[in-house]
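One letter stands for each residue in the lines below.
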Amino acid sequence: MKHLLLAFCAAVLMAGCGSAVKLDSVPVEDKSGTTISQDGAGGQGSSVNKGGVTSVDVAKSAQQGAIPAGPRIVYFDFDSFVIKPEFQSVIEAHARFIVADKGRKVAIEGHTDERGGREYNLALGQKRAEAVRRALGLLGVVDSQVEAVSFGKEKPAAQGSDEDAMAKNRRAEISYR
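Predicted model, so just to flag it, every value in this text is computed and none were measured.

Cut-offs applied
Residues numbered from 1 in each chain as written. Predicted model: local features only at pLDDT ≥ 70, side-chain atom pairs only at ≥ 80, totals over all residues. Heavy atoms only, no water. Helix = DSSP H or I, 4+ residues; strand = E, 2+ residues; numbered from the N terminus. Buried < 20%, exposed > 50% of the residue type's maximum accessible area, 1.4 Å probe, protein only. Contact = heavy atoms within 4.5 Å. Pairing = 2+ DSSP bridges. Salt bridge = Lys/Arg side-chain N within 4 Å of Asp/Glu carboxyl O.

(A) Region of interest: the overall build of the chain. If you tally the helices and strands in the chain, you get five helices and six strands. Sorting the 177 residues of the chain into buried and exposed places 28% on the buried side. Relative to all contacts within the chain whose residues are 6 or more apart in sequence, the contacts with residues 24 or more apart total 68%.

Structure below.
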């Protein structure tokens, strides 16, 4: 009797996990609002050509400009999340670039050196990322364009335990999405 009840419960569980939704043929919508099917054929007014490649508007690309050529890293002192005055120009350049196009998204990644515990370093990395995010906000960048995230000591820029390596790891990186 137990075996029969167990088999019945397993069958009910398997039936409940099934789905009639076909994940293979989900249409994709591009930013222009046209639906693109799985085979790459677009609807009326689609910007997709027969090869499945979208066309590029060179004039629009030139207006948007390239990502600022300068540095994307703000370095911090030991156990600090105060932005040094020497990095204000880096933040200003990126703020101008982000404000120029409201569609741009950026992630500020906070990092620490290897000293300290995991939780402490994650919190300090978050404070560093938030400091850069707030500085960008003061320069006109909308909060919805910026995400602040901490990696703590998990992604070092330089290996080693000397002061030079640790100084390179105490940073916030501006990463465009």
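The structure having been displayed, the exposition proceeds.
(B) Up close: the pairing of strand E6 (residues 171-176). When strand E3 (residues 73-75) meets E6, the two strands line up antiparallel, connected through three bridges. Residue pairing for E6: Tyr-75 is matched across the bridge by Arg-171. Here strand E4 (residues 106-111) runs beside E6; their pairing, made up of five bridges, is antiparallel. From the neighbouring strand, Val-106 faces E6, where its bridge partner is Tyr-176.

(C) Broad picture of the pattern of salt bridges. Scanning the entire structure with this criterion turns up ten salt bridges. Of the charged contacts in the structure, one is a salt bridge between Arg-170 and Asp-113, with a shortest N-O distance of 3.2 Å. Of this pair, Arg-170 sits in the loop between helix H5 (163-169) and E6 while Asp-113 sits in the loop between E4 and helix H4 (118-138), and the two are 57 residues apart along the sequence. You'll find Arg-170 and Asp-113 in the same group, each marked buried. Residues participating in the shared-partner salt-bridge network are Asp-113, Arg-115, Glu-163 and Arg-170.

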